[in-house]
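Each chain is listed here by its residues.
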Amino acid sequence: MLEPAYGEHVIPVLDAIEKDPTRQALWNAICDVIDLICDHPDSAEARREAIRMPSGRTVWQVPIRCHLEDDNWVLLWKPEGPDATIVYVGSAMFH
């Protein structure tokens, strides 16, 4: 089991979603993905797609299932010691 940790650019995104009552479904879906990666970090679902960063480091992309949003959302994370560091939450169109 891992503990969630958040990259500096992730916190403002999560704060905005959590405070917006019209995005409760998205907030719940994000929380479900965070629970998944922390509780089952080695599962196929938590490591759905590997993305190689310019630094050479691998991060894992997990889809966020929320059909009420216009964009497809994803969460990128990497294991770091006892933490699951979340480095991105947002549109899958980040590429």
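Residues numbered from 1 in each chain as written. Predicted model: local features only at pLDDT ≥ 70, side-chain atom pairs only at ≥ 80, totals over all residues. Heavy atoms only, no water.

Before going further, it helps to spend a moment on the pattern of salt bridges. Under the defined criterion, the tally for this structure stands at three salt bridges. With a closest N to O distance of 3.3 Å, arginine 47 and aspartate 42 form a salt bridge. Arginine 47 sits in the partly exposed class, given a relative accessible area of 25%. The shortest N-O distance in the salt bridge between glutamate 80 and lysine 78 comes to 3.5 Å. Assessed through its relative accessible area of 31%, glutamate 80 is described here as partly exposed. By sharing partners, the salt bridges in this structure join Arg57, Lys78 and Glu80 into a single network. (Salt bridge = Lys/Arg side-chain N within 4 Å of Asp/Glu carboxyl O. Buried < 20%, exposed > 50% of the residue type's maximum accessible area, 1.4 Å probe, protein only.)

Extensive coverage of strand E4 (residues 73–80) is indicated by the burial of six of its eight residues. Across five bridges, the pairing between strand E3 (residues 58–64) and E4 is antiparallel. When the sheet's bridge partners are listed, valine 62 is paired in E4 with leucine 75. Pairing of E4 with strand E5 (residues 83–91) involves eight bridges; the strand directions are antiparallel. Of the residues in E5, the one forming a bridge with tryptophan 77 is isoleucine 86. (Helix = DSSP H or I, 4+ residues; strand = E, 2+ residues; numbered from the N terminus. Pairing = 2+ DSSP bridges.)

Strand-to-strand pairing in sheets goes through backbone hydrogen bonds, with the strands running parallel or antiparallel. Taking strand neighbours across the sheet as the criterion, the five strands line up as E1-E5-E4-E3-E2 in an open arrangement whose pairing is mixed. The strands lining the two open edges of the sheet, one partner per strand, are strand E1 (3–6) and strand E2 (49–52). Pairs of neighbouring strands in the sheet enclose a mean axial angle of 40°, with direction left out of account. Along the sheet, helix H1 (residues 10–19) contacts E1, E4 and E5; its crossing angle with E5, the most-contacted strand, is approximately 65°. Together, E1, E3, E4 and E5 form the strand contacts of helix H2 (residues 24–39), whose direction differs from that of E3 by roughly 140°. (Axes fitted to C-alpha atoms, helices over the stretch in contact; angles between N-to-C directions. Contact = heavy atoms within 4.5 Å.)

Within the element layout of this structure, arginine 48 appears in the loop between H2 and E2. Expressed as a C-alpha distance, the spacing of arginine 48 and valine 62, which sit 14 residues apart in the sequence, is 5.7 Å. Once residues lying within four places of it in the same chain are set aside, the contact partners of arginine 48 are Gln61 and Pro63.

Looking now at H2. Counted at 1.5 Å a residue, the expected span for H2 with its 16 residues is 22 Å, and the 22 Å between its end C-alpha atoms agrees. Where H2 is concerned, the buried positions are Leu26, Trp27, Ala29, Ile30, Val33, Ile34, Ile37 and Cys38. In this structure, the buried side of H2 is in contact with E1, H1, E3, E4 and E5. (Expected span 1.5 Å × (residues − 1).)

Structural measurements only, silent on function.
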